[in-house]
Every structure is written in C-alpha cells, then in structure tokens.
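# Observations on the three-dimensional arrangement
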Amino acid sequence: MKAPFTWPVRVYWEDTDAGGIVFYANYLKFFERARTEWLRHLGLGQQALRDEVGGMFVVSETQVQYHRPARLDDLLLVTAHVREAGRASLTIEQRALLQPTLAGEPAALLCEGTIRIGWVDAQSLRPQRIPAQVLNALQGQA
C-alpha cells in the first residue's frame, strides 16, 4: 500500500470560532483542498477533467470523527488515500494531523473521515463510469 498523499494546511483566523478553535465544518474544507491537490499531483486537474473529459467528481457522502481541536496558526498535515475504487465512485480516507513542533515527535490525529466521491457528467450531473484514463491515474492508490 502506498503512503497517503499529504498536503499542508495552515489554520487561519477565518477557520476558527470565537474561541480560536477550528470550526468543525472547516475540516471538510481542509479535506477538499487535500483531495484537489492530490488529484492535481496525479495529473488530474479538476477543470481539465471538465473541459477535456466532460465529467467531474462530486461528493456524495461524508463520515467524519473529531478527536482533538486544531487552533489558530497550527500547521496541519491533511492526507488523502483511496480506500475503495468502484466503477462510478471512490471512497477516500482522509486525516487531519497536527504537524509536530519537535523533530521525532509523532503527528497528533485531530480528525479523520471517509469521503465518497462520484463521477458525473459535467453538463447533466448524471452519474457515469469513471473514465479509464482517470482510473489508470488512480491505479496503485488503493
């Protein structure tokens, strides 16, 4: 199994609530950023997929578990890894970890979840099979 894709995300003021803690729904934004950068890293820019292939991924289901809070100015490491690949959807396992401040210290798990994304026609938004070239790019990620 390949190591998950990891993307750094800094916590800004806009990400927090009045107590300086990351608002729970913002973890979904962090997960979205990491998935987008992961796809881009694989050569699958989302705008290019729409323009060249005529389809796009849309979120159809989320499940998130919160373990510890992130705070203003924290640097998070957000991961993305294919848990399951189907004909028309992918289940992505994601985590938000607090980057350690000391060398050798483990990253603390803050939040984890699974996100199911489905492939749809960009015009009609009807479900379709994920194109072979997209699946080929994702091969080895499960």
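The present account deals with the structure reproduced in this document. Because the structure is a prediction, the values reported are computed rather than measured. (Residues numbered from 1 in each chain as written. Predicted model: local features only at pLDDT ≥ 70, side-chain atom pairs only at ≥ 80, totals over all residues. Heavy atoms only, no water.)

### Quick notes on the environment of A70
Looking at where A70 falls in the secondary structure, it is placed in the loop between β2 (55–66) and β3 (75–85). Sequence spacing of A70 and C111 is 41 residues, and the spatial spacing of their C-alpha atoms is 9.1 Å. Beyond its immediate sequence surroundings of up to four residues, A70 is in contact with V11, G20, I21, V22, Y27, L76 and L110. (Helix = DSSP H or I, 4+ residues; strand = E, 2+ residues; numbered from the N terminus. Contact = heavy atoms within 4.5 Å.)

### Brief notes about the nonpolar core
The nonpolar side chains of a soluble globular protein tend to be buried with one another. Residues Y27, W38, F57, V78 and V134 are the most contacted members of the largest nonpolar core, which totals 29 residues. Among the elements of the structure, β1 (5–10), α1 (26–41), β3, β4 (89–98), β5 (108–121) and α3 (132–138) are those that each provide at least two residues to this core. No other element matches α1, which puts six residues into this core. Those residues within four positions of F57 in sequence are excluded, and the remaining contacts are L39, L49, L90, I117, G118, W119, I130 and V134. (Core = buried A, V, L, I, M, F, W, Y, C linked by side-chain atoms within 4.5 Å. Buried < 20%, exposed > 50% of the residue type's maximum accessible area, 1.4 Å probe, protein only.)

### Points about the sheet that holds β5
The sheet built from five strands is open, its strands ordered β1-β3-β4-β5-β2 with antiparallel pairing. The sheet is open, and its two edges are formed by β1 and β2, each paired on a single side. Taken pair by pair, the neighbouring strands of this sheet meet at an average axis angle of 25°, ignoring direction. By the bridge criterion, 10 bridges tie β4 to β5 in an arrangement that is antiparallel. Following the sheet pairing, L97 is matched in β5 by L109. Packed onto the sheet, α1 meets β1, β2, β3, β4 and β5 and runs at close to 60° relative to β5. Where helix α2 (residues 46–53) meets the sheet, it contacts β2 and β5, and its direction lies at approximately 145° from that of β2. (Pairing = 2+ DSSP bridges. Axes fitted to C-alpha atoms, helices over the stretch in contact; angles between N-to-C directions.)

### Some points on the pairing of β3
Of the pairings in the sheet, the one linking β1 to β3 comprises six bridges and is antiparallel in character. Its bridge partner lying in β3, T6 is registered against T79. Bridge count for β3 against β4 is nine bridges, and the pairing is antiparallel. Residue pairing in the sheet places A85 in a bridge with L90 of β4. Between the antiparallel neighbours β3 and β4 lie three residues.

Spatial relationships are all this shows, so hold off on functional conclusions.
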